[in-house]
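Residues per chain, in single letters:
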Amino acid sequence: MDHDVLLDLAHTVPAVPFGTTGVAWLRAHVARFSEGPDHDRRRRLAEDLLSTVDPAALERPGNPVAKLAAELGLPRDVVADVSAIARSYQPHTAVTPEADRAVERLVALCGTRDERTAARIGLLVQACDATNALIAGKNPPVPITRRVAPSGEVVEVSLADRPFGDGRHRCPAQAHATALASGTFHRLHHGDSPLVLPNAWDFASAAALVQAGFPAIGTTSLGVAAAHGIPDAAGLARAETVALARKLVRLPVPVTVDIEAGFGDVRGVAEELAVLGVCGVNIEDGRGSGLEDPATQAALIKDFKAVAPHLFVNARVDTHWLDVDQGSTVERALRYVDAGADGVFVPGLAVEREIERVVAAVPVPINVLAQHDVRTLTGLGVKRISTGSLLFRAAVGATVATAVAVRDGAEVGVVPSYAEIQDLTGGGGTPVGG
């Protein structure tokens, strides 16, 4: 019956009122909410735009909206605006002022207010929640669609056996959506070699690491906090952490963010980061010089995944970092995996046989600090190697050493030029975002 409804021309998509600005304008000018000649014309515009995008280009890891935006000639940092629109896009949802403003910003970026611009924005919106649902393992990613019967009754149609719809409103971007979902940050943890993840503390350090060829960037909570005169692991650097994340999503690689222990509001932090376009987070169970109760920590991870199921949660077990209750490492890790963690990070775990034991016991990618060479850690089965605060500490050390050399008339050594640093932000004419 559901399949017949999708194919029946007499069952139409719910009508939307005409609008000249904001979400009302977008709804009234996309194929998704159109029928007849308007639908046919608008669908061709969407298909023409998609024909310029090679699905293979969308398979590299990264936020799906950011990747598609770049391929459609828009900045990667439109993710937050697209997310705001997606929450108000469907006719049965309330339109927020935030969503209206987001549409207007995207129209300005596109340069014209016409059906082609509407198609461009519509493709991004439809690559948002549905693709994130695919990444989170939901099938179908959109469980139902709605049609209006000839009697005027609104009918809810299950998409359980038609995950991309059917008939004239079938999703025109199945290959693109599949590529977007397969090209996730998660995939970087399943290669033959570990993901070497450098940890940045500001935009320039992150952009320089991208320029050096690293396929993903993390942040260091010590670096972010200390750079702002705040102690690490005290839950005080939430605003600074989110502000940095908002800048880093301009980069053409996945970005994962260290959120310490969740800053006392893990669901709120999850909401903020999910709409920005980051790909993952670290959440630690250390609390000062001790550890959180594992059941409480597991509940915290579960709360985060409930809000942002598509983000890669790297659950940090601080037993070795704090030298506390090391015998509980595996038990804690397994609890966190059961709660939804996608990976487990054990900083300070350095004894090779212990690394091997944790890798064998925990069924998700294991992350350690760069306390052994990459070849050794590869042989032990490690899937992610983080630099943690090492790069920040090295930078502070190099800063002081350079200043001392200037003061003492000694050799300074090779440092990046002014122009090279300008280039990292696009100030020298070479934008980093693509």
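Only a predicted model underlies this, so the values are computations on that prediction, with no experimental measurement involved.

Student: Would you take a moment to explain the overall build of the protein chain for this structure?
Tutor: Each helix and strand counted, the protein chain has 19 helices and 13 strands in total. Taken over C-alpha atoms, the radius of gyration comes to 24 Å for the protein chain, in line with the 22 Å a tight globule of 434 residues would show. For the C-alpha atoms alone, the extent of the protein chain along its principal axes is close to 80 × 50 × 35 Å. Within the protein chain, contacts between residues at least 6 apart in sequence are counted, and of these 64% link residues at least 24 apart. On the protein chain, roughly 19000 Å² of surface is accessible, and the fraction owed to carbon and sulfur atoms is 55%.

Student: Would you mind showing me how to read the pattern of salt bridges here?
Tutor: Two side chains with opposite charge may pair up if their charged atoms get near one another. Evaluation of the coordinates by the stated rule reveals 22 salt bridges. Residue Arg42 is joined to Glu115 by a salt bridge in which the shortest nitrogen-to-oxygen separation is 2.9 Å. Of this pair, Arg42 sits in helix H3 (residues 36-51) while Glu115 sits in helix H7 (residues 115-126), and the two are 73 residues apart along the sequence. Overlapping salt bridges, with partners in common, bring together Asp38, Arg41, Arg42 and Glu115 in one network.

Student: Any chance you could explain the environment of Ala233 here in plain terms?
Tutor: Topologically, Ala233 is positioned in the loop between helix H11 (221-227) and helix H12 (238-248). With a relative accessible area of 44%, Ala233 lands in the partly exposed category. In sequence terms Ala233 and Leu68 are 165 residues apart; their C-alpha atoms lie 36 Å from each other. Beyond its immediate stretch of four places on either side in the chain, Ala233 contacts Glu260 and Glu284.

Student: It is not clear to me how the packing of H12 against helix H13 (residues 266-276) should be interpreted in this structure. Could you clarify?
Tutor: The packing of two helices is summarised by the inter-axis angle and the distance between the axes. Two elements in contact, H12 and H13, have axes whose closest approach is 10 Å; the angle formed by their N-to-C orientations is 15°. With respect to H13, the element H12 is oriented roughly parallel. The interaxial crossing formed by H12 with H13 has right-handed handedness. Along the contact surface, H12 presents Arg238, Val242, Ala245 and Arg246, while H13 presents Gly268, Val269, Glu272, Leu273 and Leu276. Considered class by class, the residues forming the contact of H12 with H13 number five nonpolar, one polar and three charged.

Student: Help me out: how do you make sense of the pairing of strand E2 (residues 154-158) in this one?
Tutor: Side-chain direction in a regular strand flips from residue to residue, so the side chains alternate between the two faces of the sheet. One ladder, built from five bridges, connects strand E1 (residues 144-148) with E2; its direction is antiparallel. Its bridge partner being in E2, Arg146 is matched across the sheet by Glu156. Two successive antiparallel strands, E1 and E2, enclose a turn made up of five residues, where Gly152 displays a positive phi of approximately 95°.

Student: Please explain the nonpolar core as it appears in this structure.
Tutor: Considering soluble globular proteins, one finds that nonpolar side chains tend to be buried as a cluster. Grouped together as the largest cluster of nonpolar side chains are 60 residues, with contacts concentrated most on Leu251, Ile259, Leu273, Ile283, Phe304, Val344 and Val362. No other element matches the six residues that H13 contributes to this core. Among all residues touching Leu273, those that are not within four sequence positions of it are Val242, Ala245, Val257, Ile259, Val278 and Val281. Of all hydrophobic cores here, the second largest spans 42 residues; its members include Leu68, Leu72, Ala99 and Leu123.

Student: What am I meant to see in the packing of aromatic side chains here?
Tutor: The relative placement of two aromatic rings is captured by the distance of their centres and the angle of their planes. Following the criterion strictly, the structure yields three aromatic pairs and no others. For the ring pair Phe185 and Phe312, a centre distance of 5.6 Å and an interplane angle of 80° mean the geometry is edge-to-face. Here Phe312 lies in strand E10 (residues 312-316) and Phe185 lies in the loop between helix H9 (174-182) and strand E3 (195-197), a separation of 127 residues in the sequence. Relative accessible area serves as the criterion here: at 2%, Phe185 is assigned to the buried category. Between Trp201 and Phe392 the ring centres are 5.4 Å apart and the planes differ by 75°, which places this aromatic pair in the edge-to-face class. Of this pair, Trp201 sits in the loop between strand E4 (199-200) and helix H10 (203-211) while Phe392 sits in helix H18 (residues 390-408); the two residues are 191 residues apart in sequence, bridging distant segments of the chain. Each member of the pair, Trp201 together with Phe392, is buried. Lying over the aromatic face of Trp25, Arg113 brings its terminal NZ or CZ to 5.4 Å of the ring centre.

Student: What should I look at first to understand the sheet that holds strand E6 (residues 255-258) in this one?
Tutor: Hydrogen bonding along the main chain pairs the strands of a sheet, whether they run parallel or antiparallel. Across the sheet, which stays open at both edges, the nine strands sit in the order E3-E13-E12-E11-E10-E7-E6-E5-E4 with parallel pairing between neighbours. Each edge of the open sheet is held by one strand with a lone partner, namely E3 and E4. Strand direction decides the pairing type here: strand E11 (residues 343-345) and strand E12 (residues 366-369), joined by two bridges, are parallel. Bridging across to E12, Val344 finds its partner in Ile366. Sitting on the sheet, H12 touches strand E5 (217-219) and E6, and the angle it makes with E6 is about 175°.

Student: Before we go on, may I ask you to explain unusual backbone geometry in this structure?
Tutor: Most peptide bonds are trans, and most residues other than glycine sit at a negative phi. Cis geometry is found at the peptide bond from Asn139 to Pro140, where omega equals 5°. Of note, Ala233 is a non-glycine position whose phi angle comes to about 60°, a positive value. Residues other than glycine seldom take positive phi values, yet Asp325 does so here, at roughly 50°. With respect to the helices, strands and loops of the structure, Asp325 is situated in the loop between E10 and helix H15 (329-338).

Student: For this particular structure, what's the right way to read the environment of Glu356?
Tutor: Mapped onto the fold, Glu356 is located in helix H16 (residues 352-361). Relative accessible area serves as the criterion here: at 44%, Glu356 is assigned to the partly exposed category. The spacing of Glu356 and Ala177 is 179 residues in sequence and 37 Å in space, taken between C-alpha atoms.

The rules behind each value
- Residues numbered from 1 in each chain as written.
- Predicted model: local features only at pLDDT ≥ 70, side-chain atom pairs only at ≥ 80, totals over all residues.
- Heavy atoms only, no water.
- Helix = DSSP H or I, 4+ residues; strand = E, 2+ residues; numbered from the N terminus.
- Rg over C-alpha atoms; globule rule 2.2 N^0.38 Å.
- Contact = heavy atoms within 4.5 Å.
- Areas by Shrake-Rupley, 256 points an atom, 1.4 Å probe, with all protein chains shown as cover.
- Salt bridge = Lys/Arg side-chain N within 4 Å of Asp/Glu carboxyl O.
- Buried < 20%, exposed > 50% of the residue type's maximum accessible area, 1.4 Å probe, protein only.
- Axes fitted to C-alpha atoms, helices over the stretch in contact; angles between N-to-C directions.
- Parallel < 35°, antiparallel > 145°, perpendicular 65-115°, else oblique.
- Left-handed = near helix turned anticlockwise from the far one by under 90°.
- Nonpolar A, V, L, I, M, F, W, Y, C, P; charged D, E, K, R; others polar.
- Pairing = 2+ DSSP bridges.
- Core = buried A, V, L, I, M, F, W, Y, C linked by side-chain atoms within 4.5 Å.
- Phe/Tyr/Trp six-rings, centres within 6.5 Å; stacked < 30°, edge-to-face > 60°.
- Lys NZ or Arg CZ within 6 Å of the ring centre and 35° of its normal.

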